[in-house]
Amino acid sequence: MDTFKKLKSFFWPYKRLLFISLLALLFVTGITVVYPIVLQITIDEVVLGERYPLIPFLAFGFIVIMAVKGLATYFHQYLGELFGIKSVYDLRNALYKKLQKLSFKYYDNAKTGDLMSRLTSDVESFRAFLSFGFSSVVRITLIILISLGVMFYYSVPLALVTMASMPFLVVVTARFDKQVHPAFRGVRKSLGRLNTRVQENVSGIHTVKSLSREDFEIGRFANSNQNYRDHYLHTASIWAKFFPLMELLGNISVVVLLGYGGHLVIQGDLQPGELVAFFSLVWYIVWPLTDFGFVINQFSQAKASGERLLEILEQREDIQEITNAKKQTQIKGHVTFEDVTLTYVEEDDAALKSISFDAPPGKVIGLIGATGAGKTSITQLITRFYEPEQGSVLIDGHPVQQYGLKTLRRNIGFVLQEAFLFSTTILENIRYGNPDATMDEVMDAAKRAQAHDFIIDMPNGYETLLGERGMGLSGGQKQRIAIARAILINPRILVLDDATSAVDMETEFKIQKALREVMKGRTTFIIAHRISALKHADEILVLEDGKVVERGVHENLLKNGGTYQRIYDIQYQDQDTVLEKHPG
Ligand SMILES: Nc1ncnc2c1ncn2[C@@H]1O[C@H](COP(=O)(O)OP(=O)(O)OP(=O)(O)O)[C@@H](O)[C@H]1O
């Protein structure tokens, strides 16, 4: 119940819809029970009492009642759905909003498939309970109570005899629920695995094909598929046994009812019409009881789903804006690190250890070092993607925490090794960080990024639709679109993270040209494995195991006899050997 209480703010505003739907339900249930009563009156008063002229009135009355029932059913059904769908509309939006706010730290441990299933099937199961589950509880309780009431009104002994089979029905339903609940959970888990298989396969289709693992993947999918089929069949067999069993128990009640009821009629203690009414009323108790297990199941699923949704909604946002954050400031791009230490995971070794440097506006800082040395981590602190454990990261002399997150991030442009493009037009992709940019501005950015020529060569130019993650473009083309995107936001600080490592020499030349254009007048951080990419930097920081082990300009570092010189020797040795062998 706690789960529902915590999620109350999403469904309670629509309580009016629920109440009207329940009121309509009251009518529907009431009228359902009126049906056997009308039958009883027809038999006992009209047929046996030979008052045939009443038949047209009864028939007309019956039609009116059924019309009212139809109308009430419409309101109950529609408003119930409306209640559920409006509530989860808000809930889904709130979840998505929260996901946009959660920091990288959260996403480091989150699984895409799991998040997807929370936002779709968990929300759906919650909606199903709001729309139908809750009113089912009310409907079942009402119909059983009213039917029992009518039965006891007609004949107490016959009602008691008919009720004798109820405990068996309850036991069967409870046992069924115990079996079917885990079976259902199995089906859902298995379906989740099946989805993950497909999702991973589609995302990794390049790897699968290039390593010729199609047959292996087909086999793996077949296994997951078989697992899903087995779970489903197991559940189906439980269901299949349950219904005939309930029907059998119901029919035993009917036999007892006919035997004892017939005896009462012969004795003159019960009217024939009342016996016929009993016959209908018995099923009004048996079938709702059957549903009861299903509703309990729906309730426990909704509760479990609600808990999974709350886990997202209540997740702590570890990167937050302070109340008086600077939002209108013009950032110049002076980046300073003072004794910064960063630890990602508590038990792990620090990823950055006492890093200090100063990057005045417009200067170029090169970051080099083995993989895992901490180069990317430095840039992620400037944008406040993570928070340092110790020390300060300053922009224009103020700690980054003092800036509004949007202001801060709008002023920092990233060009990453793997450019992420959305499955929309090239135009939308370039404009992503600055949706208000005019077409002229977009084209200008694309020209400066050396992307304009290949874009206009495409069938639909800037309106060309890209596949998922930019499928259909080469690595170098994607990279240049990403550069155009960075130019368009006109950032004061630019981060080029291994931006040219994934392309051939000719494309690298084009990209370097584009990058030189975009770097003009901006503080730039170049992360590179190749010395050629950063040797012109104003300061180069050589990182090793989270520490700065050397710093300076290219020419000085070459004479240091340290790590930088070693990297240089490795990268240029072959070239020199070649030059020695083939001078000129
Ligand atoms: N999100 C994270 N969670 C936990 N540990 C991380 C995370 N990101 C990086 N690390 C760890 O921090 C260290 C520094 O990583 P970082 O990505 O900054 O290195 P890098 O020098 O940029 O490496 P590369 O050249 O391979 O990109 C590594 O040991 C890495 O395993």
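About the cut-offs
Residues numbered from 1 in each chain as written. Predicted model: local features only at pLDDT ≥ 70, side-chain atom pairs only at ≥ 80, totals over all residues. UniProt positions renumbered as here; feature names shortened; annotations may be inferred. Helix = DSSP H or I, 4+ residues; strand = E, 2+ residues; numbered from the N terminus. Buried ≥ 20, exposed ≤ 12 C-beta atoms within 10 Å, placed from the backbone. Contact = placed C-beta atoms within 7 Å. Core = buried A, V, L, I, M, F, W, Y, C linked by C-beta atoms within 7 Å. Pairing = 2+ DSSP bridges. Near = placed C-beta within 6 Å. Nonpolar A, V, L, I, M, F, W, Y, C, P; charged D, E, K, R; others polar. Axes fitted to C-alpha atoms, helices over the stretch in contact; angles between N-to-C directions. Parallel < 35°, antiparallel > 145°, perpendicular 65-115°, else oblique. Expected span 1.5 Å × (residues − 1). Arc of directions from axis to C-beta. Left-handed = near helix turned anticlockwise from the far one by under 90°.

An unreviewed UniProt entry lists the chain under the name ATP-binding cassette, subfamily B/ATP-binding cassette, subfamily B, MsbA, with Salinibacillus kushneri given as the organism. Recorded in UniProt for the chain, the comment headed Subcellular location (unreviewed entry) runs: "Cell membrane".

**Q** I tried to follow the overall build of the chain on my own but got confused; where do I start?
**A** Assigned secondary structure in the chain consists of 20 helices and 10 strands. In the chain, buried positions account for 30% of the 584 residues. Looking at the chain alone, contacts between residues at least 24 apart form 80% of all its contacts between residues at least 6 apart.

**Q** Whenever I open this one, unusual backbone geometry confuses me. Can you help?
**A** Glycine aside, negative phi is the norm for most residues, and most peptide bonds take the trans geometry. The backbone of Ser212 sits at a positive phi, close to 50°, despite the residue not being glycine. Take Ser212: it is sitting in the loop between helix H9 (205-210) and helix H10 (214-267).

**Q** What is the right way to read the UniProt feature "domain: ABC transmembrane type-1" (unreviewed entry) in the chain from this model?
**A** Annotation from UniProt places "domain: ABC transmembrane type-1" (unreviewed entry) at residues 19-301. Strand forms 0% of residues 19-301 and helix 93%; the C-alpha atoms that close the span are 23 Å apart.

**Q** Honestly, the nonpolar core in this entry has me stumped. Any pointers?
**A** A general trend in soluble globular proteins is that nonpolar side chains are found buried together. One finds Leu367, Ala446, Ala449, Ile483, Ala484, Leu496 and Ile526 to be the most contacted residues of the largest nonpolar core, which totals 67 residues. Sort the elements by how many residues they give to this core and helix H17 (residues 475-488) lands first, with 7 residues. Excluding its chain neighbours within four sequence positions, the residues that come into contact with Ile526 are Val364, Gly366, Leu367, Leu496, Ala533, Leu534 and Ala537. Formed by 23 residues, the second largest nonpolar core is a distinct cluster that contains Val150, Leu281, Tyr284 and Ile285.

**Q** How should the pairing of strand S10 (residues 547-552) be read in this particular structure?
**A** Regular strands show a simple pattern: their side chains alternate between the two faces of the sheet. Relative to S10, strand S9 (residues 539-544) is paired through 5 bridges, and the arrangement is antiparallel. Paired with Leu541 across the bridge in S10 is Arg551. Between S9 and S10, which follow one another and run antiparallel, lie 2 residues, and Asp545 among them has a positive phi close to 50°.

**Q** Is there a simple way to explain the site of the ligand in this structure?
**A** Close contacts around the ligand come from Asp108, Tyr344, Val345, Ala351, Gly369, Thr371, Gly372, Ala373, Gly374, Lys375, Thr376 and Ser377, and that covers them all. For the shell around the ligand, the element with the highest residue contribution is helix H12 (residues 375-382), accounting for 3 residues. Looking at the shell around the ligand residue by residue, the class counts come to 4 nonpolar, 6 polar and 2 charged.

**Q** Is there a simple way to explain the sheet that holds strand S6 (residues 412-415) in this structure?
**A** Strand pairing in a sheet is mediated by backbone hydrogen bonds. Such pairs are either parallel or antiparallel. Pairing is mixed across the open sheet formed by 6 strands, whose spatial order is S6-S7-S8-S3-S9-S10. Each edge of the open sheet is held by one strand with a lone partner, namely S6 and S10. Across this sheet, the average inter-strand angle for adjacent strands is 20°, counted without regard to direction. In this structure, strand S3 (residues 364-369) lies alongside strand S8 (residues 523-527), joined through 4 bridges in parallel fashion. Bridge pairing in S8 links Ile365 to Phe525. Its contacts with the sheet put H17 on S6 and strand S7 (493-497), and the angle it makes with S6 is roughly 175°.

**Q** What am I meant to see in the sheet that holds strand S5 (residues 398-399) here?
**A** Overall, antiparallel pairing links the 4 strands, which are arranged S2-S1-S4-S5 in an open sheet. Each edge of the open sheet carries a strand with a single partner, namely strand S2 (352-359) and S5. Taken together, the 5 bridges between strand S1 (residues 335-342) and strand S4 (residues 390-395) define a ladder with antiparallel strand orientation. Bridge pairing links Val335 to Ile395 in S4. Contacts from H12 reach S1, S2 and S4 within the one sheet, and its direction differs from that of S1 by about 115°.

**Q** Would you explain helix H15 (residues 439-448) in this entry?
**A** In an α-helix, one turn spans 3.6 residues, which is why side chains three or four residues apart end up on the same side. Turning to H15, its buried residues are Val442, Met443, Ala445, Ala446 and Arg448. On its buried face, H15 is in contact with helix H14 (426-430), helix H16 (452-456), H17 and helix H18 (505-519). Where H15 terminates, the next one or two residues include Gln450, which has phi positive at roughly 60°.

**Q** Any chance you could explain the environment of Gly552 here in plain terms?
**A** If you trace the backbone, Gly552 turns up in strand S10. It is 18 Å that separates the C-alpha atoms of Gly552 and Ala370, two residues lying 182 residues apart in sequence. If near-sequence neighbours (up to four positions away) are discounted, Gly552 is found in contact with Glu539, Ile540 and Leu557.

**Q** When you look at the pairing of S4 in this model, what are you seeing that I'm missing?
**A** One ladder, built from 2 bridges, connects S4 with S5; its direction is antiparallel. The residue bridging Leu394 from the neighbouring strand is Pro399, located in S5. In textbook terms, the turn of a hairpin is the stretch between consecutive antiparallel strands, and for S4 and S5 this stretch comprises 2 residues, one of which, Asp396, has a positive phi near 50°.

**Q** Can you walk me through the packing of H17 against H18 in this structure?
**A** Packed helix pairs are characterised by how far apart their axes lie and by the angle those axes make with each other. As a packed pair, H17 and H18 sit with axes 11 Å apart at the nearest point and diverge in direction by 5°. Here H17 lies roughly parallel to H18, going by the angle between them. Between H17 and H18, the contacting residues are Gly476, Gln479, Arg480, Ile483, Ala486 and Ile487 on the first element and Thr507, Ile511, Ala514, Leu515 and Val518 on the second. Grouping the amino acids of the contact of H17 with H18 by side-chain chemistry returns 7 nonpolar, 3 polar and 1 charged.

**Q** Please explain H18 as it appears in this structure.
**A** Taking 1.5 Å per residue as the helical rise, H18 with its 15 residues ought to reach 21 Å, and the 20 Å between its terminal C-alpha atoms agrees with that figure. Among the residues making up H18, those that are buried are Glu508, Ile511, Ala514, Leu515 and Val518. Across the axial projection of H18, the buried residues extend over an arc of 125°, all falling on one side. In H18, the exposed residues that point more than 90 degrees away from the buried face are Met505, Glu506, Lys513 and Arg516. Buried-residue contacts for H18 involve H15, H17 and S7.

**Q** Any chance you could explain the environment of Leu488 here in plain terms?
**A** Inspection of the secondary structure puts Leu488 in helix H17. A count of 23 C-beta atoms within 10 Å places Leu488 in the buried class. Sequence separation between Leu488 and Val518 is 30 residues, and the spatial gap between their C-alpha atoms is 9.6 Å. Look past the residues within four positions of Leu488 in its chain and what remains in contact with it is Ile430, Arg431, Gly433, Asn434, Ala437, Glu441, Val442 and Ala445.

**Q** How do you make sense of the packing of helix H3 (residues 15-47) against helix H6 (residues 112-154) when you look at a structure like this?
**A** Between H3 and H6, whose axes approach to 10 Å, the crossing angle comes to 30°. As far as their axial angle goes, H6 and H3 are roughly parallel. The way H3 lies across H6 gives a crossing that is right-handed. Residue-level contacts link Ser21, Leu22, Leu25, Leu26, Thr29, Gly30, Thr32, Val33 and Ile37 of H3 to Ser135, Val138, Arg139, Leu142, Ile143, Ile146, Ser147 and Val150 of H6. The class makeup of the residues in the contact of H3 with H6 is 10 nonpolar, 6 polar and 1 charged.

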